[in-house]
Structure formats: C-alpha cells, structure tokens
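Chain and residue survey
Given next are the chains, with one letter for each unit.
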Amino acid sequence: MKKSCIAMLLAGGQGSRLYALTQDVAKPSVPFGGKYRIIDFPLSNCANSGIDTVGVLTQYKPLQLNSYIGIGQPWDLDVSDGGVYILPPYQSAGEKGSWFSGTANAIYQNMGFIESYNPDNVLILSGDHIYKMDYAAMLREHIEKDAACTISVLQVSMEEATRFGIMNLGEDGYVCEFEEKPKHPKSDLASMGVYIFNWEKLRAYLIADEQDPNSSKDFGKNIIPAMLANGEKLWPYRFKGYWRDVGTITSLWDANMDMLSPELINLYDPSWPISSRSPVCPPTYTGENARIVHSIVTEGCEIDGQVENSVLSASVTVERGAKVVYSVLMPGATIKAGATVEYAIIGENCVVEAGARVGTAPDGTEGWGVATCGPNVRIAPGHTVPAASMIYPGEEV
Amino acid sequence: MAKYHGIIFAYKDAPELGDLTRERTVASLPFCGRYRLIDFALSSMKNAGITDVGVIMARDYQSLLDHIGSGKDWDMSRRSGGLRMLPPFGLPHAHTGNYAGTIEALNAVRSYILDIPQQHIVLMLGSLIANIDLAAAIAAYESGGADITAICSDGPAVGVNHYYQVGEDGLVKEIFLYRGDAEKGLKSLEGYIIRKDVLLRLMDEAAARNHYAFHRHALLGFLNDGGRMNVYRHEGYVCAVRNIAQYYRASMDMLNAEIRHQIFPASRPVRTKIHEEVSSYFGESAVVKNSLVADNCIIEGELENCIVFSGCRIGADTKLRNSIIMRGVTIGEHAELDYIISDKYARFSDRTQLKGSAKLPTVVPKGSNI
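Just so we're clear, the structure is a prediction, and the values are computed from it rather than from any experiment.

Helix and strand counts for chain A come out as nine helices and 31 strands. Along the longest, intermediate and shortest principal axes, the C-alpha atoms of chain A span 65 × 50 × 45 Å. Here chain A holds 397 residues, and the buried ones make up 59% of them. Long-range pairs, those at least 24 residues apart, make up 58% of the contacts in chain A between residues at least 6 apart in sequence. Of the roughly 15600 Å² of accessible surface on chain A, a fraction of 49% belongs to carbon and sulfur atoms. Positive and negative side-chain charges in chain A, numbering 30 and 46 respectively, have mean positions lying 1 Å apart.

Within chain B, the secondary structure is distributed over nine helices and 28 strands. The C-alpha radius of gyration of chain B comes to 21 Å, within 12% of the 21 Å expected for a compact globule of 370 residues. Here the C-alpha coordinates of chain B stretch approximately 65 × 45 × 40 Å along the principal axes. Out of the 370 residues belonging to chain B, those deemed buried represent 58%.

What follows concerns empty space enclosed by the protein. All names here are of chain B. A complete count under the given rule lists three cavities of 30 Å³ or more for this structure. Around the largest cavity sit L125, L128, V158, N161, K187, S188, L189, E190, V238, C239, A240 and R242, which together line it. For the lining of the largest cavity, the elements supplying multiple residues, two or more each, are strand 11 (186-195) and strand 13 (239-240). For the lining of the largest cavity, the element with the most residues is strand 11, which contributes four residues. Here the residues of the lining of the largest cavity sort into seven nonpolar, two polar and three charged. In this model, the second largest cavity occupies a volume close to 60 Å³.

Opposite the 36 residues of chain B that make contact, chain A presents 33 residues. Of the roughly 2800 Å² buried between chain B and chain A on both sides combined, carbon and sulfur atoms contribute 49%. The largest share of the area that chain B buries against chain A comes from S279, Y281 and F282 of chain B, three residues that together contribute 19% of it. Among the ionic pairs, E299 of chain A bridges to R34 of chain B, the shortest N-O distance being 2.4 Å. The tally of links between chain B and chain A comes to 23 residue pairs in polar contact (both at pLDDT 80 or more). Of all the elements in the fold, those that place two or more residues in the side of chain B that touches chain A are helix 9 (257-263), strand 14 (280-282), strand 15 (287-289) and strand 16 (291-293) of chain B.

So, about the layout of surface pockets. Residues and elements named next belong to chain A. If you add up the space inside the largest pocket, you get close to 1500 Å³. Along the wall of the largest pocket there are 47 residues; nearest its centre are R17, S126, D128, H129 and D245. Residue assignment for the lining of the largest pocket shows that the elements contributing at least two residues are helix 3 (103-109), strand 6 (121-126), strand 8 (149-155), strand 10 (175-180), strand 11 (189-198), helix 8 (219-229) and strand 13 (243-245). Looking at the lining of the largest pocket element by element, the count peaks at four residues for strand 11. Among the residues forming the lining of the largest pocket, the class breakdown is 15 nonpolar, 21 polar and 11 charged.

Many descriptions give the size of an interface as the accessible area lost when the pieces come together. Residue and element names in this part refer to chain B. Under the domain assignment used here, chain B contains domain 1 (4-263) and domain 2 (281-364). Across the contact, 19 residues belong to domain 1 and 23 residues belong to domain 2. For the pairing of domain 1 and domain 2, the buried interface totals around 1600 Å² over both sides, and the portion due to carbon and sulfur atoms is 73%. In terms of surface lost to domain 2, no three residues of domain 1 exceed G33, Y248 and L255, which account for 38% of the buried area on that side. Our count for the domain 1 to domain 2 interface comes out at one salt bridge. Its salt-bridge partner being R24, residue D343 comes within 2.8 Å of it at the nearest N-O pair. In this assembly, domain 1 and domain 2 are joined by three residue pairs in polar contact (both at pLDDT 80 or more). Sorting elements by how many residues they give to the side of domain 1 that touches domain 2 places helix 8 (residues 244-253) first, with six residues.

Time to look at the confidence of the model for chain B. The pLDDT averaged across chain B works out to 90; a share of 97% of its residues lies at or above 70. We note a pTM of 0.92 for the whole complex and an ipTM of 0.91 for its interfaces.

Take the sheet that holds strand 20 (residues 313-314) of chain B next. On the basis of which strands lie adjacent, the open sheet formed by 11 strands has the order 31(A)-28(A)-25(A)-22(A)-19(A)-16(A)-14(B)-17(B)-20(B)-23(B)-26(B) and mixed pairing. What marks the edges here is a single partner per strand, and that holds for strand 31 (390-391) of chain A together with strand 26 (347-348) of chain B. As paired strands, strand 25 (residues 344-346) of chain A and strand 28 (residues 371-373) of chain A are joined by three bridges and run parallel to one another. Pairing of A344 of chain A across the sheet is with A371 of chain A, part of strand 28 of chain A. Contacts between helix 9 (residues 249-258) of chain A and the sheet are confined to strand 19 (311-312), strand 22 (328-329), strand 25, strand 28 and strand 31 of chain A, with strand 25 of chain A contributing the most and set at about 90 degrees to the helix.

Here we take up the packing of helix 7 (residues 199-211) of chain A against helix 8 of chain A. Residues and elements named next belong to chain A. Following both chains from N to C, one finds helix 7 and helix 8 inclined at 115 degrees, their axes separated by 10 Å at the closest point. Judged by the sense of rotation from one axis to the other, the crossing of helix 7 with helix 8 is right-handed. Contacts from K201, L202, Y205, L206 and D209 in helix 7 reach F219, N222, I223, A226 and M227 in helix 8.

Turning next to the sheet that holds strand 24 (residues 340-342) of chain A. All names here are of chain A. Here six strands make up an open sheet; going across it, the order is 15-18-21-24-27-30 and the pairing parallel. For this open sheet the edge positions go to strand 15 (291-293) and strand 30 (384-385), each flanked by a neighbour on one side alone. In this sheet, strand 18 (residues 306-308) lies alongside strand 15 in parallel orientation, the contact comprising three bridges. Across the sheet, residue I292 finds its bridge partner in strand 18, namely V307.

As a further point, take the pairing of strand 1 (residues 5-10) of chain A. In the case of a regular strand, side chains alternate between the two sheet surfaces. Residue and element names in this part refer to chain A. With six of six residues buried, strand 1 lies mostly within the body of the structure. Relative to strand 6, strand 1 runs parallel, the two sharing six bridges. Each residue of the ladder has a partner; that of L9, found in strand 6, is L125. Pairing of strand 1 with strand 4 (residues 53-57), which is carried by four bridges, proceeds in the parallel orientation. The residue of strand 4 that forms the bridge with L10 is L57.

Turning next to the packing of aromatic side chains. Applying the stated criterion across every chain yields a total of 26 aromatic pairs over all chains. Site record: aromatic cluster; members linked through ring pairs are F31, Y35, F40, Y247 and F264 of chain B. The lysine or arginine in question, K145 of chain A, covers the ring of W235 of chain A, its NZ or CZ lying 4.6 Å from the ring centre. Across the ring face of Y285 of chain A, the terminal group of R260 of chain B is positioned such that the distance to the ring centre comes to 4.1 Å.

This structure, assessed with the given rule, holds zero disulfides over all chains. Note on C176 of chain A: no disulfide assigned, nearest cysteine sulfur contributed by C149 of chain A at a separation of 14 Å. Counting only cysteine sulfurs, C32 of chain B is the nearest neighbor of C239 of chain B, a cysteine outside any disulfide, at a range of 13 Å. According to the relative accessible area criterion, C239 of chain B is buried, its value standing at 7%.

Our focus in this paragraph is the nonpolar core. Within the largest apolar cluster, 73 residues are counted, with the highest numbers of intra-cluster contacts made by V55, I56, I113, L123 and M229 of chain B. Once residues lying within four places of it in the same chain are set aside, the contact partners of M229 of chain B are A146, I148, A150, Y164, G170, L171, V172, Y192, L219, F222 and L223 of chain B. Counting 49 residues, the second largest nonpolar core, distinct from the first, contains C301, V316 and A339 of chain A together with I314 of chain B.

Reading the values: rules and limits
- Residues numbered from 1 in each chain as written.
- Chains lettered and ligands numbered in written order.
- Predicted model: local features only at pLDDT ≥ 70, side-chain atom pairs only at ≥ 80, totals over all residues.
- Heavy atoms only, no water.
- Helix = DSSP H or I, 4+ residues; strand = E, 2+ residues; numbered from the N terminus.
- Buried < 20%, exposed > 50% of the residue type's maximum accessible area, 1.4 Å probe, protein only.
- Contact = heavy atoms within 4.5 Å.
- Areas by Shrake-Rupley, 256 points an atom, 1.4 Å probe, with all protein chains shown as cover.
- Lys, Arg positive; Asp, Glu negative; His and termini not counted.
- Charge placed at Lys NZ, Arg CZ, Asp CG, Glu CD.
- Rg over C-alpha atoms; globule rule 2.2 N^0.38 Å.
- 1 Å grid on protein atoms, 1.4 Å probe; cavity = no way out; pocket = protein on both sides within 12 Å on 5 of 7 lines; lining within 4 Å.
- Points joined across faces, edges and corners; volume = space filled by probe spheres on them.
- Nonpolar A, V, L, I, M, F, W, Y, C, P; charged D, E, K, R; others polar.
- Buried area = accessible area lost by both parts, 1.4 Å probe.
- Salt bridge = Lys/Arg side-chain N within 4 Å of Asp/Glu carboxyl O.
- Polar contact = N/O pair within 3.5 Å; in protein donor to acceptor, adjacent residues only side chain to side chain.
- Domains from an automatic or database assignment.
- pLDDT = per-residue confidence, 0-100.
- Pairing = 2+ DSSP bridges.
- Axes fitted to C-alpha atoms, helices over the stretch in contact; angles between N-to-C directions.
- Left-handed = near helix turned anticlockwise from the far one by under 90°.
- Phe/Tyr/Trp six-rings, centres within 6.5 Å; stacked < 30°, edge-to-face > 60°.
- Lys NZ or Arg CZ within 6 Å of the ring centre and 35° of its normal.
- Disulfide = S-S within 2.5 Å.
- Core = buried A, V, L, I, M, F, W, Y, C linked by side-chain atoms within 4.5 Å.

Below, the structure written as structure tokens:
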C-alpha cells in the first residue's frame, strides 16, 4: 500500500553521556517527565500528525525499548496497514551482517522496509528529543516547496549556535550551507535533527554514500552536504515552540524541570496528547505529613514527606521526614524516612535509605552538578552522595 | 483454553445510590480515583487466567459498555473466546426493565451458557469491592469434592447478606437468607464456582417452577436434594455497595493503607480502562493531606481526606475536605466543599460553599453547574 510519508525513528544510539542511566537501556526508553519515556514524544507526535507507519531502528540494549513499544497500542499505532516496527540490524544470506555504522547506514540497511510501503517521503526522527510537533504541517511545506529535503530548524541565540548544526540560507530562502558546530556562526537557525526527504532522492544518496569508504554514513555529516553540493533544494522548516535535546545529565534534568512550567510545554493540552505505556496503579496517596509543592506526581506514589520542585514517576515512595527538592525520581524509586534528595536524578527502583543524602544545592563551585543514581542502586543509611556523582546500576553505596 | 469460564452479573440496581446510578448500573460506578466497580471482578478473573467472560447487563449499561470496550485492558479481547457483553434479549418483565433474580438473568442468556466450551463456570457480582484470589478459590473447588464452591468472607458484615453454615466436613449445611447479622456463619460474597451441567440443571428446575432467585430457590433446592457445596474463605477487605453511605465509607476506607494494600496488592493488580493521561501537578500553594489523587489533575488548593479522580482542576485557596471528586470536575478558587460526592464533569464556580453531612454526604449529579 502506497503511503505519502512514513517515519524512521533513530533509537539505536547508546546515549553514552547519560552514563549510569543508559548503562542497561537505550536512551529513548529513559523515563521522563513523570508519566513518560523519551520516545513517547516522537511516537505521539507521529500518531497526532497522522503518520501511522513508523520504523524504530534499534541497536543498543534494545530489550526494554522493544517491550515498551510492543505493537504500539498506547500510541494507536497498532493498525493493520502500517504500524510500528522494531528494526534491528540483521544478517542476509551469504553476508556476515553488520551493525548500523551511522544514521544514514541504519536507513540504508532498512531500505527494504521503506520500499514495502512505497512512500513519497520519509520522515527521519531522533529518539532523544522532547517536543510537540505537527509533522503534517512540515510535510505540507515540504511538498509545497518541492524540496528534496526539508530540515526542521529552531531559532537559537548566536552563543548557542556554536553547539548546533547551523543552516545558512540563500536569498531564495532555501538552505545554501550547513555548518556543524561553527565557531563563528553566520545564522541562528539550528537543525533539530528532524528531516523529511523525498524518498526517491534519499534512496539515491544513500546508495551513493554507501559506496564511499571515507563517509561516516551520517545524515548531518554526509547526506545533507552531498545534497547541497549537488544543488538539491533543501528547505528550512521553521519550528516554533519547545524543543530540547536530552542527551546529557544536565539537559535531561533541565528538561524535566521544564515540565513544571506549562508556559514552556503544556502536557495538559488534550488536542495533542503525549501517550505512554504505563502500568495501572492506584491513585497517589498523600499522607498526613505530605507536603507537595510545584511538582509533578504520577499514579501509584505513596508520599508522606516533603516534595518540592520535583518530577516523580509512577510508584515512587517518599517516606515521612524525607525531603525531595529539585529532583527527578524515576519509576519505583524509594526515599526512606529522613533521607534528603536535592538536585538529583534517582533511577528506576533505587532505594535511598533512611537518613542518606543525595546531591546538594548549587554552591557556585565549578565541580557542582546534578547527582545521578542509575537504576537499582541502593544508598546505604546515613551515606552521603556528593553533587555531580554518578552511581552505576547495581552499585551499593 | 482455560478450564473455567466467567460470568459477571452487572444488571443489579441499587435505588438507594440515587443520582450516582441514575445513568449507570452499579457495576460501572466510579471508585477510588480511576476504577469502576466491575474492574474488581474482571481483574480477579484475569489474574486467575480466565479470559472467556460473559457480562450480563439489563439496563443503563452505556457507561459499562464504554468502560469495558472490547475488554482489551483486561486482555479479554481475544480471537478465540474473550469477553462478551450480554445485553437483554427481550426482557420477561418489561414493566420493571430488569431481571427479577439471578436465575432469570441466567435463563435470559441460556443459549450463551449452552455454547460455553468449558465445563466449569465462575459466577461473580460486578459490583463487589474485593480483590478475590480466584485461583485459590478454584483450588478449593478442585480439591473439595463438591459440585459448587461458594466464595465467602468471615470479615465484618455491612447490611443484609446471605450466610452459610458449614459442617465439619467443610460442606455447607444451611443457608440463611437476607440476614442483618454475622452470627449465623460465613457471609456469602455471591460468587460461585459451579459445574456447567449443574448450573444448567438448577436453571431448568427453577424455570420449570417459575422461580427466579438463585439463593432462595436454586441453592436451597440443591442443598435439600443432598447437593454438595463447599466454601472458599476470602480474607481481606470486602464491601458490597448498596447505598450512598456505604459507597462513601468504602471510598474513604481506601485512605487506610492496610485496606488499600489488600484491595490493590502488587501480586493481583486491578486493571481498568486506560485513558490518555499525564501526571498530576501540585501547585505552589497546594496542600494534600490523607488523600488519593489520580493522574491528570492540577491541584492548587487544599485537600484533606479526599479522593480525586483523574482530570480534575482544584483552584487556589479552595478547601476541599472529606469529599469524593470524580473524573473531570473543575472547582474554582476560594471555594469550600465538605462531605461532597461530586459526579463526573461537574463545575463549581469560585467561592462555592457546599457542605454535606458525615452520615449522608451530598451528591452533586454528573455535569452539574454550581
């Protein structure tokens, strides 16, 4: 069946800069914003944009991600003429098979999947961005501008521009130059890593790029520059709204804190729901001593302590006398009586025992940072985990 | 295929629930922030591996149909077997619009029962608040050497119930119908495990005599004829909701951690319809004491001893005490509500003052504007 546009979601990266949080799981399945995991955002955007065929390219530690996505029912992607497909690297007859060696190579290796839907266009997404975006509007502009590739761009400050891939535009408004992390940016339009390609064109460039032994087989480094060099029409789609890359501990923590501000990103808007797969838990119980201020709390929690400026996933326990401030608590975390968690990310099913301390408020010193406990970590009673620490899964401190 | 088939009775009326069941059957009464009463029976069956289930309904079942859908939230949307909703197929008592008794309800779906491929059937009430371990009840059925196993409780009784007196051989000797006290033995939870052929025989015998009641006619007759019935004792919290005061008390019981963990144990999760939701937000001035709050709420005001369903908005400086606030209710600012049961989607404007009594909380009907 022919499709106007299908999506390919790159979810295979390790997310090594999340350290302990992605030791055992792929970055897109890291819990986020209370109810969600990171991949809920692009998947929900697809569903809300009417894109019902999504290939999810997995490679690094895919078990949890695979079981989380399942048949895509939470995002209404369990449809019979499309749906969500997990696409791992695979072996072919007579070949050794190989891992995805770059973002472009991952798509190249799955050309067969794309061809089976015979799409006019292919939407390329990353599994590590937090945003709400109507891909259908972008697709309309892509078709209207007759572009070989449309790149979603975000206006950033000139200082920030040095950290992004920057699009420089010609007089006709099309992209004329792409610079990766320029020292002296000429434009403030940053690529969001969201592309729509004309499939015929992309197919040709993927095949050509695969022949080039010196290519790193990456969209930003190889495919886009090659298209520009050949004079293809590349259109910048200007996205306005909230968008964050959550590839580092600091940016993950920051983006979680942003969820407390509906003026940045409104998750309560019923017209653009972000969906998730979550276990059915009873409502959150707040005890006689509970104090919850400016915080997000998900079902199944038992709170009898103090929670301020924090984001709590499902089934978190905060016992009486415990204090959680400016922190992110992932599903099943337990903060025992009298423990303090400040400016920290506490992974799934961690236990912070009575009287322990994790993290500290910013003190102006250079080494300060958010303290992080990976999943299943136990912090012993009375123990202190200093700011900027990184505790790996299974460790007992 | 599982060895057991489930039948859930979701036809019963409870006139004393008033506005709470004006537009819904008791089995679809919202409970504890996100559930409906029938979730307990459906989840008990699911947790015991029973996914072929028929739900007998009589009237006011739109909300029940909406809630259960295809049954997929209980894994009962199956290609072979699965969930079947059984609406009336022409009511014998058209003037009342409901079945006179359980036997009449069963006979109304007789052809469905005849087609059940399993040899054993589990019957349960759709309106009972209890997390019954059906797998354990089935074990009692299989080892007890009886044709029927009755699911009972020896916990404290509320209101009128049937009671069983059990002999030393573990078999039921006598049934006491409609008793208001617990001294006469074990309280019936009106759940039964029964051989299909025995059930059909009881249905036929009762119908031949124009009888319609399961306990008074069918079971008494079964015992008088020397039938063998043993019991399974359910331990843990139980409440059959028949009036507003009971509903209120059962709801408030969920604030008790021990009871809550009996009703929602991790080993036997209670499943329900999944809505698109987001976490709840507690604002700068929020105070939440001894309360249950579901997802997708925005709480700016003060809560004490409350149960708040999903999708509610509680404005700043609003004080809400001893109340049950169902899905999608909006309460403005500077309001004060005490002992209120607000049905879904009601709206309370700023500065609303409303006070019910502890004995009989005030019910605000669905969609009210106050």
